[in-house]
Amino acid sequence: MKVKITIYARLLFLIIFLTGSLVYSQDKQNNKLFGRSIDERSKNPENGLIRCASTEYEKYLESKDSTRASEKQFEEWLAPRAKRMKTLLKSAKISSATITIPVVVHVIHSGLPLGQGANISDARVESQITVLNQDYQKMLGTPGYNTNPVGADMEIEFRLAKTDPFGHATNGIDRVVKTGYVWSTYNIETYMKPQTQWDPDKYLNIWVCEFGGDLSTTLGYAQFPESSGLPGLSGPYTANTDGVVITWKAFGSADSAPGTYYTIYNKGRTLTHEMGHALGLRHIWGDNSLCIVDATDSYKDYCLDTPAASEPNYDCNAIYDSCPSNPGNDMTENYMDYTQDICMNLFTLDQKARVLTVLQNSPRRASLTTSDVWQDPEAMDTSLSVRLSPNPVTDDDFNVVFTDPNVLITDSKIFDSVGLLLREQKINQRGGFRVNVAGWTPEIYNMIVSTSSGTKKLRFIVVR
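Predicted, not measured: the structure shown is a model, and the values here were computed from it. (Residues numbered from 1 in each chain as written. Predicted model: local features only at pLDDT ≥ 70, side-chain atom pairs only at ≥ 80, totals over all residues. Heavy atoms only, no water.)

Novice: I would appreciate a short explanation of empty space enclosed by the protein in the present structure.
Specialist: One way to see where empty space is left: roll a probe the size of a water molecule over the atoms. The full count for this structure, using the stated rule, is two cavities of 30 Å³ or more. Of the pockets and cavities examined, the largest cavity occupies roughly 60 Å³. Around the largest cavity sit P200, Y203, L204, N205, D242, G243, A278, R365 and L368, which together line it. Looking at the lining of the largest cavity, its residues break down into five nonpolar, two polar and two charged. (1 Å grid on protein atoms, 1.4 Å probe; cavity = no way out; pocket = protein on both sides within 12 Å on 5 of 7 lines; lining within 4 Å. Points joined across faces, edges and corners; volume = space filled by probe spheres on them. Nonpolar A, V, L, I, M, F, W, Y, C, P; charged D, E, K, R; others polar.)

What follows is the structure, given as structure tokens:
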């Protein structure tokens, strides 16, 4: 009898030990994201959910790619351009035309019926794009509108792609069945993204899936933009992972597409937040606990019109001031805080200047602004197909050549990287023309060519 009791006791001890080890291992795993310790402030203390993992992801990318610019290098590259953009916006010397960004939403699931679990409905995807546009255009009469004096219309429109990489018609929703995967850091970065991504120069890629493993309590993360690939400027070249990843439970708006959501993250603001990171915005407290504001606001988000904060906020139930020594309360309504979806409705003018600078200068972000894959394939005029030769421009001249030799080119305008008009000229010739850029600074430039068939937006790079 004693022998049996001893055996049972040992078995019970072993079960308790193994269970405890498993729990400990899981807890230990949950304290790491992308192989790095989690900033505990990323976790909502009320529910344990990690609002955003983009900061941890950026450090992960830097550790994997020695050519990727550090935050300091990126900001040194961006700072003079962003300063100039702010000046131009204030002086109204820059075009205020809305920028269109084509997106593809990859819905990754394990074979579930349409509308169940991670295989979310088309309506839910469309509701999310609607929220993005309301938020990035400060649309009157929607939750994205605000009356804050520094509240900005970002003048960005997101459109689901209508042409896929093979030239076929699409609704911009790419449903992919992948079985046998737990969507952890390793599997997303190694398999999901590279195997399903559409050309990141033409499409802003968004993935929706069921997070697992180290990401099981995470809502989303985005890849930060890179500095220019021009010679002498450091930058990452992680193109095959570029985009935004969101858990399906925080994707879409329950207001127009009912379903299963995380309760306080059901208005579509997780993607609004992560898209901010993809376009160059940082958390408003700068991912540190310092209450310091210098001339460039380098101790937090590089945007002087977001008041100093030393920590994230998770709700808007009260007025918070985490830096009482500095003017202004915490901007809990800003999309780049960690508050509930219902709290958020604000981008600022400085944040707008920063985003527009990235869209004009950062590789892949800049190319998105001239991509036409959001247009109907049948409606696209092939007579406006054009090539620049050479591009990048290494000499004093380059050629603009249209596929249709009979198209009449009437005029052209060339803008610098922040949208300031540099040259306007009449052309009045057919098929193509030559452009002289002798003495021009190595940079990315934008061109609008007007023809008898319409206008064409082009982008070229001068290198020396």
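Novice: How do you make sense of the pattern of salt bridges when you look at a structure like this?
Specialist: When the charged atoms of two side chains lie near each other, side chains of opposite charge can form a pair. By the definition in use, this model includes 24 salt bridges. With a closest N to O distance of 3.8 Å, K86 and D350 form a salt bridge. Of the two residues, K86 is situated in helix α3 (residues 71–91) and D350 in helix α7 (residues 349–361); the sequence distance between them amounts to 264 residues. For R364, the salt bridge goes to D242, with nearest N and O atoms at 2.7 Å. Highlighted residues: R364 in the loop between α7 and α8 (365–368) and D242 in the loop between β7 (220–222) and β8 (244–247), separated in sequence by 122 residues. Like R364, the residue D242 is buried in the burial classification. Through salt bridges with shared partners, one network takes in E71, E75, R282 and R354. (Salt bridge = Lys/Arg side-chain N within 4 Å of Asp/Glu carboxyl O. Helix = DSSP H or I, 4+ residues; strand = E, 2+ residues; numbered from the N terminus. Buried < 20%, exposed > 50% of the residue type's maximum accessible area, 1.4 Å probe, protein only.)

Novice: Honestly, the environment of R68 in this entry has me stumped. Any pointers?
Specialist: Tracing the backbone through its elements, the reader meets R68 in the loop between α2 (54–64) and α3. For the pair R68 and E226, spaced 158 residues apart in sequence, the C-alpha separation works out to 7.7 Å.

Novice: Got a minute to help me understand the sheet that holds strand β12 (residues 421–430) in this structure?
Specialist: Either a parallel or an antiparallel arrangement is found when strands of a sheet pair, and the pairing is made through backbone hydrogen bonds. Taken in spatial order, the four strands of this open sheet run β12-β11-β14-β15, and their pairing is antiparallel. The open sheet terminates on both sides in strands that have one partner only, identified here as β12 and β15 (454–462). Direction aside, neighbouring strands of the sheet carry axes that sit 20 degrees apart on average. On top of the sheet, α7 reaches β14 (443–451) and β15; it is set at about 80 degrees to β14, its chief contact. (Pairing = 2+ DSSP bridges. Axes fitted to C-alpha atoms, helices over the stretch in contact; angles between N-to-C directions. Contact = heavy atoms within 4.5 Å.)

Novice: Explanation requested: the packing of helix α4 (residues 122–136) against helix α6 (residues 269–278) in the structure shown.
Specialist: What describes two packed helices is the angle between their axes and the distance between those same axes. Look at α4 against α6: their axes get within 9 Å of each other, and the N-to-C directions meet at 55 degrees. For the element pair α4 / α6, the angle class is oblique. For the crossing formed where α4 meets α6, the hand is right-handed. Across the interface between the two elements, Q128, V131, L132, D135 and Y136 from α4 touch R269, L271, T272, M275 and G276 from α6. Here the residues of the contact of α4 with α6 are counted per class, giving five nonpolar, three polar and two charged. (Parallel < 35°, antiparallel > 145°, perpendicular 65-115°, else oblique. Left-handed = near helix turned anticlockwise from the far one by under 90°.)

Novice: Could you clarify how one ought to interpret the side chain of T247 in this entry?
Specialist: Checked against the element boundaries, T247 lands in strand β8. Those residues in contact with T247 that sit more than four places away from it in its chain are V208, C209, F211, T218, L219 and Y262.

Novice: I'm lost on unusual backbone geometry in this one. Help?
Specialist: Generally, phi is negative for residues other than glycine and the peptide bonds are trans, each holding for most cases. A cis geometry characterises the amide bond from S389 onward to P390, with omega recorded as -5 degrees. In this structure, P392 follows N391 across a cis peptide bond, with omega equal to 10 degrees. When you line up the elements, P392 lands in the loop between β9 (386–389) and β10 (397–402). With a phi close to 45 degrees, K138 is a non-glycine residue in the positive phi region. With respect to the helices and strands, the residue K138 is situated in the loop between α4 and β4 (156–160).

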